[in-house]
Amino acid sequence: MAVKLYADPACPDCARVRAWLAANRVEFEELGTAGSDQAARRAAEAGYGAPVFPVVETEGRTLARPSDLELAELFGRELPAAVETGCLIVGGGPAGLTAALYLAREMVPTIVLEQALPGGQVNTTSLVENYPGFPQGVDGPDLMAKLAYQARRFGAELLHPVEVTGLRAAGDGHEALTAGGSVFRSGAVVVAAGSDYRRLEAPGAAELTGRGVAYCATCDAPFFRNKTVAVVGGGNSAAEESLFLLKFVREIHLFQHLPELTAQRHLVERLAADPRVHLHVNSEVRAVRADARGAVRCVEVRDRAAGRDECVAVQGVFVFIGRTPNTGWLRGYAELDAAGFVVTRPGSVATARQGLFAAGDCRSGARAQITTAAGDGTLASFLVRELLGQRQARRADAVVGG
Ligand SMILES: Cc1cc2nc3c(=O)[nH]c(=O)nc-3n(C[C@H](O)[C@H](O)[C@H](O)COP(=O)(O)OP(=O)(O)OC[C@H]3O[C@@H](n4cnc5c(N)ncnc54)[C@H](O)[C@@H]3O)c2cc1C
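Residues numbered from 1 in each chain as written. Predicted model: local features only at pLDDT ≥ 70, side-chain atom pairs only at ≥ 80, totals over all residues.

**Student:** Hey, could you run me through the overall build of the protein in this one?
**Tutor:** The helix and strand inventory of the protein stands at ten helices and 21 strands. C-alpha atoms of the protein, sized along the principal axes, occupy 75 × 60 × 35 Å. Across the 402 residues that make up the protein, the buried fraction comes to 38%. Excluding contacts between residues fewer than 6 apart, the proportion of contacts in the protein whose partners are at least 24 apart in sequence is 60%. (Helix = DSSP H or I, 4+ residues; strand = E, 2+ residues; numbered from the N terminus. Buried ≥ 20, exposed ≤ 12 C-beta atoms within 10 Å, placed from the backbone. Contact = placed C-beta atoms within 7 Å.)

This is the structure:
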């Protein structure tokens, strides 16, 4: 792996990183600001305009001012068997990164453990049109790269790929166990592990996701103005999202594989009363077909009662067959609702277990938007700060009291 270190003579962290690379036998090429402007350019890019040194660049990743822990993870060195921090965040999507940004800025030592890439689900969407402040929309991965850097800039350590496999109590805090065998100890843990949309398992669905197949009406309905769309699903979310879609689309073909819709009666009645909605029960979507330009052309549907197949012409497909929270590893430690989402106190992100918080899409009742996830992350940071402050004050009182 080719490794480059962009350094500046006056930078205090450059010596530390240089020494770490040497001690860990990582071969690298160093480029300084003297005699070449490449280092200055890369430093400015890495800091989004404000140069930051050192920058470590490998073939796949660039890290500005990495901590020793981040270097260990980046170069596949063993992480220490036990790491202690002020707040541990599980999940590096908008909820986790926002909590990290707030906490690190308040100088709370903060580590984010992310099993894949920082950014979460937003990395899968190229155009976010409803994030405030971007009138022309914003590229999802770009927004998340900036958020990740913003959190790191204030001192949050972001380790990935590190999967958390379990939590256990330790004193008045918690210990997170990772798939690699490390233990992270912390007085407060924010679970921001998100959820996955249950995907439509039908030929064409995966390939056309983001190009006609969608999983979020709030996010994508405006792209389907005056079009005919299919809705897959028959529960409450399918019914509610269909009613929302009707503000935009010309008509909806709703396909439910069961003999009837399972949504609440008043929702079903509203759908049935709208002439723009065509309800198809006993109907299983078996494929999504595209035209020569790659645009959705029709959904292939099996009428289970009649045993007949037909391709119903639509220009888009919305799939609402549920979300699966990434919380299996929390079972037995945090209260989960029937679908597996983390239960928090009403109007809060605090769970019943002290020092354990849940933010974003993995929280029961979450609205599954970037803004609401970021809002949860912000609230979690306030509660963590309060908790750690109270503990610190108690410890100080105990010392004074002898
Ligand atoms: C295709 C698509 C388009 C979307 N478009 C929009 C849009 O336009 N506007 C909008 O507001 N919202 C949109 N959303 C929804 C939005 O992306 C989510 O609501 C938001 O990302 C939720 O943030 P989160 O931080 O709670 O969870 P996530 O973004 O899901 O992040 C959770 C992170 O936790 C990590 N993780 C999970 N388990 C573990 C573990 N055990 N250990 C370590 N890490 C773990 C995951 O890898 C993931 O990176 C879209 C979603 C999708 C799928």
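From this point, the discussion proceeds with the structure in view.
**Student:** Please clarify how the site of the ligand should be interpreted in this entry.
**Tutor:** The local shell around the ligand holds 36 residues, among which Gly91, Gly93, Gly120, Gly194 and Gly360 are the closest. Mapped onto the shell around the ligand, the elements with two or more residues apiece are helix 4 (94-105) and helix 10 (370-401). For the shell around the ligand, the class distribution of residues is 18 nonpolar, 15 polar and three charged. Here the shell around the ligand spans two domains, and each of domain 2 (82-196 + 324-394) and domain 3 (205-321) adds at least three residues to it. (Near = placed C-beta within 6 Å. Nonpolar A, V, L, I, M, F, W, Y, C, P; charged D, E, K, R; others polar. Domains from an automatic or database assignment.)

**Student:** Help me out: how do you make sense of the pairing of strand 16 (residues 283-290) in this one?
**Tutor:** Regular strands have side chains that alternate between both faces of the sheet. Relative to strand 17 (residues 296-303), strand 16 is paired through seven bridges, and the arrangement is antiparallel. Each residue of the ladder has a partner; that of Ala290, found in strand 17, is Val296. Connecting strand 16 to the next strand, strand 17, in antiparallel fashion are five residues, including Gly294 with a positive phi near 85°. (Pairing = 2+ DSSP bridges.)

**Student:** What should I look at first to understand unusual backbone geometry in this one?
**Tutor:** Leaving glycine aside, a negative phi is the common case for residues, and trans is the common case for peptide bonds. The omega torsion of the bond from Phe53 to Pro54 falls at -10°, within 30 degrees of zero and hence cis. The residue Pro54 is located in the loop between helix 2 (38-46) and strand 3 (55-57) in this model. Even without glycine at this site, Arg25 takes up a positive phi of about 55°. Turning to its location among the elements, Arg25 is positioned in the loop between helix 1 (12-23) and strand 2 (29-32). Taking the number of C-beta atoms within 10 Å as the measure of exposure, Arg25 has 8 and is therefore exposed. The phi torsion at Asn282 lies on the positive side, around 55°, for a residue other than glycine. In this structure, Asn282 sits in the loop between strand 15 (277-280) and strand 16. A count of 16 C-beta atoms within 10 Å places Asn282 in the partly exposed class.

**Student:** How should the domain arrangement of the protein be read in this particular structure?
**Tutor:** In many analyses, interface size is given as the accessible surface area lost on bringing the parts together. Domains assigned within the protein are domain 1 (4-74), domain 2 (82-196 + 324-394) and domain 3 (205-321). Taking the mean C-alpha position of each, domain 1 and domain 2 sit 27 Å from one another. With six residues of domain 1 in contact, the opposing surface of domain 2 contributes eight residues. Considering each element in turn, the side of domain 1 that touches domain 2 owes the most residues, three residues, to helix 3 (residues 68-74).

**Student:** I'm lost on the packing of helix 8 (residues 236-245) against helix 9 (residues 265-273) in this one. Help?
**Tutor:** Helix packing geometry: the angle between the two helix axes and the distance between the axes. Two elements in contact, helix 8 and helix 9, have axes whose closest approach is 10 Å; the angle formed by their N-to-C orientations is 40°. It follows that helix 8 is oblique to helix 9 by the angle criterion. As helix 8 packs across helix 9, the resulting crossing turns out to be left-handed. Packed against helix 8, whose contacting residues are Asn236, Ala239, Glu240, Ser242 and Leu243, the element helix 9 presents Leu267, Val268, Arg270 and Leu271 at the interface. Taken together, the residues of the contact of helix 8 with helix 9 sort by class into five nonpolar, two polar and two charged. (Axes fitted to C-alpha atoms, helices over the stretch in contact; angles between N-to-C directions. Parallel < 35°, antiparallel > 145°, perpendicular 65-115°, else oblique. Left-handed = near helix turned anticlockwise from the far one by under 90°.)

**Student:** Before we go on, may I ask you to explain the nonpolar core in this structure?
**Tutor:** Across soluble globular proteins, you tend to see nonpolar side chains buried next to one another. Ranked by size, the top nonpolar core spans 69 residues in total, and within it Val190 and Val191 carry the most contacts. Per-element tally for this core: the top contributor is helix 4, with eight residues. Taken domain by domain, this core gets at least three of its residues from each of domain 1 (4-74) and domain 2 (82-196 + 324-394). Here Val190 is in contact with Cys87, Ile89, Gly96, Ala99, Phe357, Ala359, Ala380 and Val384, once residues within four sequence places are set aside. Within the second largest apolar cluster, 31 residues are counted, among which are Ala221, Leu245, Val296 and Val299. (Core = buried A, V, L, I, M, F, W, Y, C linked by C-beta atoms within 7 Å.)

**Student:** Looking at this model, I keep getting lost on the sheet that holds strand 14 (residues 251-255). Mind explaining?
**Tutor:** Strand pairing in a sheet takes place through backbone hydrogen bonds and is either antiparallel or parallel in direction. The strand order 12-19-13-14-15 describes an open sheet built from five strands, whose pairing is parallel. Strand pairing shows two members of the sheet lacking a second neighbour, strand 12 (213-214) and strand 15, which therefore form its edges. Judged from the four bridges that link them, strand 14 and strand 15 form a sheet pairing that is parallel. If you follow Phe255 over to strand 15, its bridge partner there is His280.

**Student:** Is there a simple way to think about the sheet that holds strand 17 in this case?
**Tutor:** Read from one edge of the open sheet, three strands run 16-17-18, paired in antiparallel fashion. Strand pairing shows two members of the sheet lacking a second neighbour, strand 16 and strand 18 (308-313), which therefore form its edges. Strand-to-strand twist in this sheet, taken as the mean axis angle between neighbours without regard to direction, amounts to 25°. When strand 17 meets strand 18, the two strands line up antiparallel, connected through six bridges. Note that in strand 18 the partner of Arg302 across the bridge is Asp309.

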